[in-house]
Amino acid sequence: MGCFPSKTLDYPRISSSWTRPPASQALPALSAAIAASAKLAASNRADHLGKAENSIGLPKSPLNIGEVKMTELDYVQWDITSVCNLNCKHCREKATTSNARDNLDLQQCKSLIDQIVAWKTRTLSVAGGEPLLSPLIWDVLAYGAGKFERLVISSNGTTITSETAKRLKSYVTCAQISIDGACAETHDNMRGKGNFAHAMRGIQLLQDAGVQPAVRMTVHGGNMHEVTAFVDLAHDLGLPDAYLRRVIPSGNAKQLSPLSAQDLKRTLGEAIKHGQEIGMHVASADYFCQITFNQKAREKAEKTQAANGKVIGGCAIGIKSFYVMQNGIIAYCPYLPIFCGDLRQDTLEKIWQTSQMLKVARSIRYNLKGKCNTCQYKFACGGCRAYAHATTGDILAEDSGCWI
Ligand SMILES: C[S@@+](CC[C@H](N)C(=O)[O-])C[C@H]1O[C@@H](n2cnc3c(N)ncnc32)[C@H](O)[C@@H]1O
Ligand code: SF4
Ligand code: SF4
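What you are looking at is a predicted structure, and each value in this text was computed from that prediction instead of being measured.

The rules behind the values
Residues numbered from 1 in each chain as written. Chains lettered and ligands numbered in written order. Predicted model: local features only at pLDDT ≥ 70, side-chain atom pairs only at ≥ 80, totals over all residues. Helix = DSSP H or I, 4+ residues; strand = E, 2+ residues; numbered from the N terminus. Buried ≥ 20, exposed ≤ 12 C-beta atoms within 10 Å, placed from the backbone. Contact = placed C-beta atoms within 7 Å. Near = placed C-beta within 6 Å. Nonpolar A, V, L, I, M, F, W, Y, C, P; charged D, E, K, R; others polar. Axes fitted to C-alpha atoms, helices over the stretch in contact; angles between N-to-C directions. Parallel < 35°, antiparallel > 145°, perpendicular 65-115°, else oblique. Left-handed = near helix turned anticlockwise from the far one by under 90°. Pairing = 2+ DSSP bridges. Right-handed = clockwise from strand over helix to strand, strands pointing away. pLDDT = per-residue confidence, 0-100. Core = buried A, V, L, I, M, F, W, Y, C linked by C-beta atoms within 7 Å. Arc of directions from axis to C-beta.

### Digging into the overall build of the protein chain
Then comes step 1: What the protein chain contains, in helices and strands, is 15 helices and 12 strands.
Then comes step 2: Out of the 404 residues in the protein chain, the part that is buried amounts to 54%.
Then comes step 3: Taking as baseline every contact in the protein chain between residues at least 6 positions apart, the subset at least 24 positions apart corresponds to 75%.

### Quick notes on the site of ligand 3
Then comes step 1: The local shell around ligand 3 holds 12 residues, among which C84, L86, C88, C91 and N156 are the closest.
Then comes step 2: Of the residues contributing to the shell around ligand 3, the split by class is 4 nonpolar, 5 polar and 3 charged.

### Examining the packing of helix α3 (residues 106-118) against helix α4 (residues 137-144)
Then comes step 1: Look at α3 against α4: their axes get within 10 Å of each other, and the N-to-C directions meet at 30 degrees. Regarding the angle of α3 to α4, the classification is roughly parallel. As for how α3 packs across α4, the hand of that crossing is right-handed. Here L106, C109, K110 and I113 of α3 lie close against α4, whose contacting residues are D139, V140, Y143 and G144.

### Let's talk about the pairing of strand β7 (residues 213-219)
Then comes step 1: Within β7, 7 of the 7 residues are buried, which leaves the element mostly enclosed by the surrounding structure.
Then comes step 2: Residues P213, V215, M217 and V219 of β7 are buried on one face, and the alternating residues A214, R216 and T218, pointing to the opposite face, are buried as well.
Then comes step 3: Of the pairings in the sheet, the one linking strand β6 (residues 174-178) to β7 comprises 4 bridges and is parallel in character. From the neighbouring strand, A175 faces β7, where its bridge partner is P213.
Then comes step 4: Crossover connection from β7 via helix α8 (residues 227-236) to parallel strand β8 (residues 241-246): handedness right-handed.

### Section: the pairing of strand β11 (residues 329-333)
Then comes step 1: Across the 5 residues of β11, 5 count as buried, placing the element largely inside the fold.
Then comes step 2: By the bridge criterion, 4 bridges tie β11 to strand β12 (residues 336-342) in an arrangement that is antiparallel. Within β12, the position partnered with I329 by the bridge is D342.
Then comes step 3: Here β11 hands over to β12 after 2 residues, the two strands then running antiparallel side by side.

### Points about the confidence of the model for the protein chain
Low-confidence regions, as indicated by low pLDDT, have predicted coordinates that should not be scrutinised in detail.
Then comes step 1: Taken over all residues, the pLDDT of the protein chain has a mean of 84, while the share at 70 or more is 79%.
Then comes step 2: Overall, residues 44-67 carries pLDDT values under 50, and its contacts beyond four positions in sequence, including any with other chains, amount to 70 contacts.

### Re the nonpolar core
Then comes step 1: Core analysis: the biggest nonpolar cluster contains 109 residues, and V172, F230, L244, V324, I330, A331 and Y332 have the highest contact counts within it.
Then comes step 2: For I330, the residues in contact, after removing those within four places along its chain, are F322, Y323, V324, C340, G341, L343 and I351.

### What to know about the sheet that holds β6
Then comes step 1: Read from one edge to the other, the open sheet built from 10 strands follows the order β9-β8-β7-β6-β5-β4-β3-β10-β11-β12, with strand pairing classed as mixed. Two strands bound the open sheet, and with one partner strand each, they are β9 (281-284) and β12. Strand-to-strand twist in this sheet, taken as the mean axis angle between neighbours without regard to direction, amounts to 25 degrees.
Then comes step 2: Here 6 bridges tie strand β3 (residues 75-81) to strand β4 (residues 123-128), and the two strands are oriented parallel to one another. Residue Q77 lies in a different strand from β4, and its bridge partner there is S125.
Then comes step 3: Sheet strands touched by helix α7 (residues 195-209): β6 and β7. Its angle to β6, the strand with the most contacts, is close to 165 degrees.
Then comes step 4: Across the sheet, helix α9 (residues 261-278) lies against β7, β8 and β9, angled at about 155 degrees from β9, the strand it touches most.

### Some points on the environment of L73
Then comes step 1: For L73, the position within the fold is in the loop between β2 (62-63) and β3.
Then comes step 2: Contacts of L73, omitting those with residues within four sequence positions, involve I116, W119, K120, T121, K320 and S321.

### Thoughts on helix α6 (residues 184-191)
Then comes step 1: Those residues of α6 that sit buried are T186, H187, M190 and R191. Projected onto a plane normal to the axis of α6, the buried residues spread over an arc of 110 degrees and lie on a single side.
Then comes step 2: Elements that come into contact with the buried residues of α6 comprise α7.
Then comes step 3: Phi turns positive one or two residues past the end of α6, at G192, with a value near 100 degrees.

### A word on unusual backbone geometry
Then comes step 1: In this structure, K120 takes a positive phi of about 60 degrees despite not being glycine.
Then comes step 2: Relative to the helices and strands, K120 resides in the loop between α3 and β4.
Then comes step 3: A residue is classified by how many C-beta atoms lie within 10 Å of it, and K120, with 13 of them, is partly exposed.

The structure is reproduced here in structure tokens:
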């Protein structure tokens, strides 16, 4: 997914030929997209997931719509279950123990994999909830193994045993484990007592089994002072990368104190600088962060002005990426519960071609507001629409976490 930390600080491969659609193609209104999304949200299937917030606070004005032909996808994130053994203070999932009856069955999971394989998807990331608690996880991983450049599982690491680590070795290219601080006190404050030790043991077992782990820290006001120590921790574990992601104030995270743009800049800057000093690659998914701290990325972004409105970086939703919920609903992204389609009713191809909301996503750079609208980097960044929506109720609003 656009927000998933890329392996390098280079931009993800977003179509360089995707430009502003001609005026004749402009139109279908965002309100129509929202209405379609709200209809899906109102269905019984979607209700129990607590995601029926679609019609709240979204703008009604018409947007330009561009068409994107699908030939290759970069990234698909699939939350295979909403069930989890933890209830983290920052988690975007409100109901972590919610009923799993409505999850896709194995046949539907295989059909999803077949469809995204047919589109030459490079990376499939399986998350949740806690994906290792899904009864289908092993069948799904076995089915997906070898079909992607990267098959990643994103886990809290607490339930990993030597046996599960060995099984993962046969299927995944990487296991991303969440570590939300550099010590037990900080991590456990968010994730519950004992879970730092459990996650660290999980990482050790993965390494023993020959699985490549990655660590991701979700950064907020309560742990920002530990980012450099987190980089050291990743280094001490022998990992090549440390991933940082600012908290998006959705779900449980609405209760947390937000990180100011300046705090975020200082925090991420310190971590990246420290990484350079000790030879660690520190990645943050936010494109404005890459533009600030990575000269190559900045130079590339600056060239887009000359390229006159071509999208070359930033959130790739609807362009090279999409997100699937556990019940087969395609939503805008894990942090932005606007529904785009239902895989139980339509094929992926049909949803990709006809979803009004995905069309809105494709043309969103031309319709941004505030400083994101006037920013010279809007075609390389465009901010995070989930952050804008979570903080203002408007997906088009400026990303107030950006310091540029
Ligand atoms: C939803 S979890 C699912 C996988 C697994 N249960 C875990 O905790 O890693 C995936 C990642 O999203 C992060 N996350 C959850 N809520 C978030 C939020 N509101 N903002 C930013 N990241 C969040 C988690 O910390 C974790 O790294
Ligand atoms: S809207 Fe934000 S969180 Fe969602 S995929 Fe795009 S960049 Fe990532
Ligand atoms: S962040 Fe992961 S482990 Fe924590 S409650 Fe959410 S899904 Fe569960």
